[in-house]
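Structural overview for review
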Amino acid sequence: MYHACLLLLLARPFAGAGRHARVVWFFQGSLHALGTLGRSTRLVIRLLARTSRVPAAIAINSEVGRQHHEQYGFRPRRWIHLPNGCDVDRFRPDESTRTRVRRELDVDDRTVVLMFIGRVHPEKGTDLLMAAADRLDVQEPTALVLVGQGTVELVAEAPVGPTRTVGLGVRDDVADLLRGADLLVLPSRSEGTPNAVIEAMATGVPCVVTDVGDCADLVGPSGRVVPAGSVEDLSTAITALIRVGPEERRRLGTEARGRVLTRHAPEVARAAYRGLWDTTT
């Protein structure tokens, strides 16, 4: 998205009547792991910081992300918070789908399914997750299901550990897959406000997240928050949510869905975007 903002900045002088339109940049992330970004991306961010008073406003979906960008030198005329919206009718619990998905994954009712949704990238912390899954101290059988670009290759190259691990690659049925999960684990080193967590919560799946971006505020008491980069803390938090049992996980999942309905339902997001339109036109 940084490159898109730069292109808009460069193209605006050639846009004819469009030169008089008000421009808003939108950043959907934080800068926890700036060093993992490519050199060209870091250069673009530096340039945008120096020209950050050009747009009418900068929209952002993460309070921590706003703080990071300010520390990096962004001084816009105005910050606007735009919450991520979630289709809470599509992402919702459904027992029949849960049964079908778990059958397709070849897991029984006793197996606790841990799910990760995201691409394989250092920012996403899949290496931490794989290591944490091998350290779980539980009696229940567990399965780690990885969904996203590069996950098939990741599992194929990983050593065999005590937790059964499945890489599904890119899928277009994430809403269904989430219904088959017992926990979502987000081991990221950097985030803004991750959609994967919002969608899991809307589906009634409690989450273990790292304390990056707005993850801690997003999950609240409905899940577990651990320091980024700690395999031991991540494994301990996952273990704790496995040990509490299915009834407590269902209770936490209900609380999680309630938080999404309050903060990220479509009508909430629409109101924020309407407010942006009304105040910048």
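Residues numbered from 1 in each chain as written. Predicted model: local features only at pLDDT ≥ 70, side-chain atom pairs only at ≥ 80, totals over all residues. Heavy atoms only, no water.

1. Looking at the packing of helix H8 (residues 195-202) against helix H11 (residues 246-263)
Helices that pack against each other are described as a pair by the angle of their axes relative to one another and the distance between those axes. Orientation of H8 relative to H11, taken along the N-to-C sense of each, is 120 degrees, at an axis distance of 7 Å. Between H8 and H11, the angle falls in the class oblique. Facing H8, whose interface residues are Ile 198, Met 201 and Ala 202, H11 presents Gly 253, Ala 256, Arg 257, Arg 259 and Val 260. Grouping the constituent residues of the contact of H8 with H11 by class yields 5 nonpolar, 1 polar and 2 charged. (Axes fitted to C-alpha atoms, helices over the stretch in contact; angles between N-to-C directions. Helix = DSSP H or I, 4+ residues; strand = E, 2+ residues; numbered from the N terminus. Parallel < 35°, antiparallel > 145°, perpendicular 65-115°, else oblique. Contact = heavy atoms within 4.5 Å. Nonpolar A, V, L, I, M, F, W, Y, C, P; charged D, E, K, R; others polar.)

2. A word on the sheet that holds strand E9 (residues 224-226)
Strands pair in a sheet through their backbones, by hydrogen bonds, and they do so in one of two ways: parallel or antiparallel. If you walk across this open sheet you meet the 6 strands as E6-E5-E4-E7-E8-E9, and the pairing is parallel. Of all strands in the sheet, those with a lone pairing partner are strand E6 (164-169) and E9, marking the two edges. Between one strand axis and the next, the sheet turns through 20 degrees on average, direction left out of account. Sitting on the sheet, helix H5 (residues 126-133) is in contact with strand E4 (112-117), strand E5 (142-147), E6 and strand E7 (183-186), with an inclination near 170 degrees to E5. (Pairing = 2+ DSSP bridges.)

3. Side note on H8
Extensive coverage of H8 is indicated by the burial of 6 of its 8 residues. Turning to H8, its buried residues number three or more, namely Ala 196, Val 197, Ile 198, Ala 200, Met 201 and Ala 202. The secondary structure elements touched by the buried residues of H8 are E4, helix H7 (174-179), E7, strand E8 (207-210), helix H9 (215-219) and H11. Two residues or fewer after H8 comes Gly 204, characterised by a positive phi angle close to 85 degrees. (Buried < 20%, exposed > 50% of the residue type's maximum accessible area, 1.4 Å probe, protein only.)

4. A short note on H11
The end-to-end C-alpha separation of H11 is 26 Å, in line with the 26 Å expected for 18 residues at 1.5 Å each. Contact partners of the buried residues in H11: E4, E7, H8, H9, E9 and helix H10 (231-243). (Expected span 1.5 Å × (residues − 1).)

5. Focus: the nonpolar core
In terms of nonpolar packing, the biggest core is built from 36 residues, with Met 115, Leu 184 and Val 197 touching the most fellow members. In terms of nonpolar packing, the next biggest core, distinct from the first, is built from 25 residues, Met 130, Ala 133, Leu 136 and Val 231 among them. (Core = buried A, V, L, I, M, F, W, Y, C linked by side-chain atoms within 4.5 Å.)

6. Notes on the packing of aromatic side chains
Counting across every chain of the model gives 3 aromatic pairs. Aromatic side chains Tyr 2 and Phe 27 sit 5.1 Å apart centroid to centroid with 55 degrees between the ring planes, which places their arrangement in the tilted category. Of the two residues, Tyr 2 sits in helix H1 (residues 2-11) while Phe 27 sits in strand E1 (residues 24-27), which places them 25 residues apart along the sequence. The burial state of Tyr 2 is the same as that of Phe 27; both residues are buried. (Phe/Tyr/Trp six-rings, centres within 6.5 Å; stacked < 30°, edge-to-face > 60°.)

7. A few points about the environment of Arg 50
Along the chain, the position of Arg 50 falls in helix H2 (residues 39-50). Accessibility expressed as a relative area gives 69% for Arg 50, which makes it exposed.

8. Things to note about the environment of Leu 8
Within the secondary structure, Leu 8 sits in helix H1. Leu 8 gets classed as partly exposed once you look at its relative accessible area, which sits at 39%. Taking the C-alpha atoms as reference points, Leu 8 and Thr 165, 157 residues apart in sequence, are found 43 Å from one another. Residues contacting Leu 8, with those up to four places away along its chain left out, are Val 23 and Trp 25.

9. Quick look at the sheet that holds E1
With parallel pairing, 3 strands are arranged side by side in an open sheet as E1-E2-E3. At either margin of the open sheet sits one strand with a lone partner, and together these are E1 and strand E3 (79-81). Averaged over all pairs of adjacent strands, the angle between strand axes in this sheet comes to 25 degrees, irrespective of strand direction. In the sheet, E1 pairs with strand E2 (residues 57-60) via 4 bridges, with the strands oriented parallel. Pairing of Val 24 across the sheet is with Ala 57, part of E2.

Any functional reading would require information beyond the geometric quantities listed.
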